[in-house]
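A structural walkthrough
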Amino acid sequence: MGIIIKLIQSALCCLFLLSLAVKNHAAVIDVKTKGAKGDGVTDDGPVIMNAWNEACGGAPPNTLLFPPGTYMAFPHIKLTGPCKGPIEIKATGATIKAPSDLTLFKKDTWIYISFVDGLTMTGGTFDGQGQQSWRTKNCNNDKAACTKPVNLRLRHVSHSLIKDVTSIHSKRFHIAMMGCDNTTLDHITINAPGDSVNTDGVHTSKLNGLKILNSDIKTGDDCISFGEGSKNIHVEKVTCGPGHGFSIGSLGNSPNEEPVQGIWVKNCTLARTDNGVRIKTWPGGYPGTVSDVHFEDIVVDKVANPIIIDQNYCPFRSCVQTSGPSKVKISDVSFRNIKGTSTTQISLKLNCSAEAPCINVELDNVNLVHTRGPPAKSRCFNIKPKIVGQVVPPACSA
Ligand SMILES: *[C@@H]1O[C@H](CO)[C@@H](O)[C@H](O)[C@H]1NC(C)=O
Ligand SMILES: *[C@@H]1O[C@H](CO)[C@@H](O)[C@H](O)[C@H]1NC(C)=O
Ligand SMILES: *[C@@H]1O[C@H](CO)[C@@H](O)[C@H](O)[C@H]1NC(C)=O
């Protein structure tokens, strides 16, 4: 009997060791053992790219590990797939820093991850050191300034999870995502001052199936901007401010834009932002569609334009020449349980296009109070919203 138990025990032990061995097969490629200095001065970029290539090209699963430290990484860090299988980038406790000198950047991206299926990215602070660059020209006014780099660009990074990642002081957008299907951003922290220029928190375009959850975005431009071809995006428990709030668009500025369809923004708070929830399209311009967009359980705290559809979005002199009503069609939009304070009197503005009036827009249980002075008002053009429950200020009644 004793011998049988001993045999079983040693068999279990062997199985245990075997399973450890199988686990250990997953290679950890440590950038420091590969030669990264992590001293915050030396350019560790080439080492990082080589380590990525090794992890990406090796038998999966592999992990690219940044031990705690500060890694200076010069432009442009390209982490390109496809990899042999799922891959992880682990950077908990590590800071990766871009040089502050804008003239070193010849392309519009600092860290560029592309064509990776099944990426898990955990931890790490990506510091764009953009403070100087914000003082140079805005991209929208000057094409040359559009080479300002995005901190983290993800192209065709699908079935992936990006969690506990921090992006600070980007020179331009913090995280730009395109072609990333069925990917999740969870517990993302974004931090840049309210006067930093063009620093959208997360920008999405041409992707299907994205979740942005439990995140905190403080920046100088849109908190999350949903560009053309954004489909089936769920945003939940995100706080914004400072910044310009949640923005669909801007749309209609270029030909053949793909539809924006299926956006759900739920249980989010905006504090001291320029806008709360916004859909913006350019006057004149090109056709497009926005449909199936739902904002629900949103708290606004001292926001300038809490609810706004602006089909006459024209921040620059150039768009005045292309004026005329917007050709972008907006339909099936709901604003449900939206509460809080507005720093301007027009807390609810729905300015739809005379050429393409907004269709099937619902306001359900809205309460927006002007922070001081006369009570809040609404302004509506080319729209007859369906009113459910109580809506304050009274919307589009006169
Ligand atoms: C994304 O996920 C949905 C639901 O799980 C699935 O039906 C769809 O095929 C996936 N899309 C891609 C591109 O993987
Ligand atoms: C989400 O809702 C819960 C319950 O109402 C609330 O406590 C929390 O602050 C909300 N989160 C955000 C980001 O608004
Ligand atoms: C609404 O849009 C029209 C152009 O369609 C513009 O002339 C008008 O100034 C806008 N009104 C407001 C209040 O924004």
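**Some thoughts on the pairing of strand β27 (residues 346-351)**
For strand β25 (residues 305-310) and β27, the ladder comprises four bridges, and the chain directions are parallel. Across the sheet, residue I307 finds its bridge partner in β27, namely L348. Taken together, the five bridges between β27 and strand β29 (residues 377-381) define a ladder with parallel strand orientation. Residue L348 lies in a different strand from β29, and its bridge partner there is S378.

**Here we look at the confidence of the model for the protein chain**
Per-residue confidence for the protein chain gives a mean pLDDT of 92; residues scoring 70 or more make up 90%. Scored below 50 in pLDDT, residues 12-24 shows zero contacts in the model against residues more than four places distant or in partner chains.

**Structural notes on the site of ligand 1**
Near ligand 1, the surroundings consist of H159, D181 and N182. Between H159 and ligand 1, the recorded distance is 2.5 Å, taken from a side-chain N or O atom to an oxygen atom. For ligand 1, whose unbound accessible area comes to 360 Å², protein coverage reaches 28%.

**Observations concerning the environment of N50**
If you trace the backbone, N50 turns up in helix α2 (residues 45-57). Residues N50 and K34, 16 residues apart in the sequence, show an inter-C-alpha distance of 8.5 Å.

**Thoughts on the side chain of S205**
Mapped onto the fold, S205 is located in strand β17 (residues 202-205). Of the residues examined, S205 reaches a relative accessible area of 13% and is grouped as buried. Setting aside anything within four residues of it in sequence, one finds S205 in contact with M177, M178, G179, G227, E228, G229 and S230.

**Some remarks on the site of ligand 3**
Around ligand 3 sit N312, K349, N351, R379 and F381, and those are all the residues in its vicinity. The contact in question runs from an oxygen atom of ligand 3 to an N or O atom on the side chain of K349, over 3.0 Å. Contact between ligand 3 and N351: an oxygen atom at 2.4 Å from a side-chain N or O atom of the residue. Considering ligand 3 on its own, with 370 Å² of exposed area, one finds that the protein chains cover 53% of that surface. The set of elements that each furnish at least two residues to the shell around ligand 3 consists of β27 and β29. Of the residues contributing to the shell around ligand 3, the split by class is one nonpolar, two polar and two charged.

**So, the nonpolar core**
Membership of the largest hydrophobic core comes to 87 residues, with the highest contact counts inside it found for F66, I113, V235, F246, I248 and F335. Setting aside residues up to four positions removed in sequence, I113 forms contacts with L79, I89, L119, M121, L152, R153, L154, R155 and V157.

**Thoughts on the pattern of salt bridges**
Counting across every chain of the model gives 11 salt bridges. Residues E296 and R336 are paired through a salt bridge, measuring 3.8 Å at the closest nitrogen-oxygen approach. Linking E296 in strand β24 (residues 288-303) with R336 in strand β26 (residues 328-342), this pair joins segments that are 40 residues apart in sequence. Classification of E296 by relative accessible area gives partly exposed; the value is 21%. Where K386 meets E362, a salt bridge forms, and the shortest distance between an N and an O atom there is 3.8 Å. Of this pair, K386 sits in strand β30 (residues 386-392) while E362 sits in strand β28 (residues 359-370); the two residues are 24 residues apart in sequence, bridging distant segments of the chain. In this structure K386 comes out as partly exposed when scored by relative accessible area, which is 49%. Three or more residues joined by partner-sharing salt bridges are found here, namely E296, R336, E362, D364 and K386.

What counts, and where the lines are drawn
- Residues numbered from 1 in each chain as written.
- Chains lettered and ligands numbered in written order.
- Predicted model: local features only at pLDDT ≥ 70, side-chain atom pairs only at ≥ 80, totals over all residues.
- Heavy atoms only, no water.
- Pairing = 2+ DSSP bridges.
- Helix = DSSP H or I, 4+ residues; strand = E, 2+ residues; numbered from the N terminus.
- pLDDT = per-residue confidence, 0-100.
- Contact = heavy atoms within 4.5 Å.
- Near = heavy atom within 4 Å.
- Polar contact = N/O pair within 3.5 Å; in protein donor to acceptor, adjacent residues only side chain to side chain.
- Areas by Shrake-Rupley, 256 points an atom, 1.4 Å probe, with all protein chains shown as cover.
- Buried < 20%, exposed > 50% of the residue type's maximum accessible area, 1.4 Å probe, protein only.
- Nonpolar A, V, L, I, M, F, W, Y, C, P; charged D, E, K, R; others polar.
- Core = buried A, V, L, I, M, F, W, Y, C linked by side-chain atoms within 4.5 Å.
- Salt bridge = Lys/Arg side-chain N within 4 Å of Asp/Glu carboxyl O.

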